[in-house]
Amino acid sequence: IICCYRKPKTKRAKRFLEKREPKLKENTKNAMLIKGGNANLTVTEVLKDIYAVKKPFAVLYKKKNITRPFEDQTSLEFFSKKSDCSLFLFGSHNKKRPNNLVIGRMFDYHVLDMIELGVEKFVSLKDVKNSKCPEGTKPMLIFAGDMFDVNEEYRRLKSLLIDFFRGPSVPSIRLAGLEYVLHFTALDGKIYMRSYKVLLKKSGCKIPRIELEEMGPSLDLVMRRTHLASDDLYKLSLKQPKALKPKKKKNISHDVFGTKYGRIHMQKQDLSKLQTRKMKGLKKRPAEKSAEDGGAGPKKSKSG
């Protein structure tokens with residue numbers, strides 16, 4: 001048997017390979033932004049703005065790459081292995097599909113889901129003269145529209161957008177950290193993407209008054225082609241390792257209000273021997289005591 005695995009020769013190579021090893025808790029997903037061979041200025045500016053929003057968990061390829069994701073996916077899989085990215089955004093432009101974006105994700109370095117979107121209107125970060133959020137800000141995602149819950153393609157697009165923009169998983173967050181909103185609206189066959197900066201202003205009480213200020217970029221998108229994974233492959237990609245699944249605790253239940261109940265198993269108790277509070281009213285009478293002893297005992301004669 002010939003082993004094709006090569007051991008690292010340096011400590012740097014060893015650390016590099018350890019970062020790419022399978023883990024119980026995944027690293028934050030990186031995205032690669034690729035420019036097609038015939039990308040125009042609009043598509044290039046869209047990729048730059050998405051890269052500015054996604055930094056530092058993104059890789060922007062500046063050179064043009066002649067590839068067609070819906071026909072041949074080998075180049076995307078090659079770039080995914082090279083840059084260790086599980087998300088991608090491919091931009092192209094032609095007469096049949098102008099201002100074209102293909103957003104997708106990988107599973108085991110193979111394309112899982114892929115959705116083609118057309119840009120009908122675009123306002124870049126430069127065009128909006130307002131203050132911007134600092135790099136690496138985790139956004140709040142809002143989805144509006146019944147199509148995201150009714151239509152299967154829109155439901156998968158919602159999952160894909162959450163995966164793309166969610167950022168790192170954090171255990172807690174402070175109020176001042178909630179300063180960036182990405183809003184997606186599905187209406188009349190179009191998807192409207194808007195980004196806002198959250199302004200916390202004085203309100204005269206502890207809770208501040210919240211205002212939204214448009215920041216950019218903003219996109220009006222229309223869905224074109226889709227390449228969705230089968231249900232079996234999609235379920236396999238969502239499978240969690242056994243070590244991460246919470247262990248079920250016996251005899252513990254919760255009601256609809258979240259109250260926790262526990263069941264305790266004890267031996268059968270003799271309630272007649274239960275020690276109660278010593279009160280005059282709870283003392284047993286002589287007749288009750290004699291009945292418990294099995295009959296009346298000899299009476300003591302009164303001394304004269």
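Residues numbered from 1 in each chain as written. Predicted model: local features only at pLDDT ≥ 70, side-chain atom pairs only at ≥ 80, totals over all residues. Heavy atoms only, no water.

## Details of the packing of aromatic side chains
By the definition in use, this model includes seven aromatic pairs. Taking the centre distance of 5.3 Å and the plane angle of 80° together, the rings of Phe-143 and Phe-148 count as edge-to-face. You can call Phe-148 buried: its relative accessible area is 1%. Their ring planes at 70° and their centres at 6.2 Å tell us that Phe-148 and Tyr-154 sit as a pair that is edge-to-face. Across the pair, exposure class does not vary: Phe-148 and Tyr-154 are buried alike. Every member of this aromatic cluster is reached through a ring pair, and the members are Phe-143, Phe-148, Tyr-154, Phe-164, Phe-165 and Phe-184. The cationic tip of Lys-54 hangs over the ring face of Phe-164; the distance from NZ or CZ to the ring centre is 5.5 Å. The ring centre of Phe-70 lies 4.4 Å from the NZ or CZ of Arg-225, which sits over that ring. (Phe/Tyr/Trp six-rings, centres within 6.5 Å; stacked < 30°, edge-to-face > 60°. Buried < 20%, exposed > 50% of the residue type's maximum accessible area, 1.4 Å probe, protein only. Lys NZ or Arg CZ within 6 Å of the ring centre and 35° of its normal.)

## Remarks on the pattern of salt bridges
Tallied over the full model, the rule gives 14 salt bridges. Arg-155 is the partner of Glu-152 in a salt bridge, and the nearest nitrogen-oxygen pair spans 2.4 Å. Taken together, the positions of Glu-152 and Arg-155, both in helix H5 (residues 152–165) and three residues apart, correspond to about one turn of that helix. When its relative accessible area of 38% is taken as the criterion, Glu-152 is described as partly exposed. What makes Arg-155 partly exposed here is its relative accessible area of 35%. The partner of Lys-201 in a salt bridge is Glu-211, and the shortest N-O contact between them spans 3.2 Å. Here Glu-211 lies in strand E9 (residues 209–214) and Lys-201 lies in strand E8 (residues 190–201), a separation of 10 residues in the sequence. The class of Lys-201 is partly exposed, set by a relative accessible area of 35%. Within this structure, Lys-29, Arg-105, Asp-113, Glu-152, Arg-155, Arg-156 and Asp-163 form a network of salt bridges that share partners. (Salt bridge = Lys/Arg side-chain N within 4 Å of Asp/Glu carboxyl O. Helix = DSSP H or I, 4+ residues; strand = E, 2+ residues; numbered from the N terminus.)

Read these as layout, nothing more, since geometry by itself doesn't imply function.
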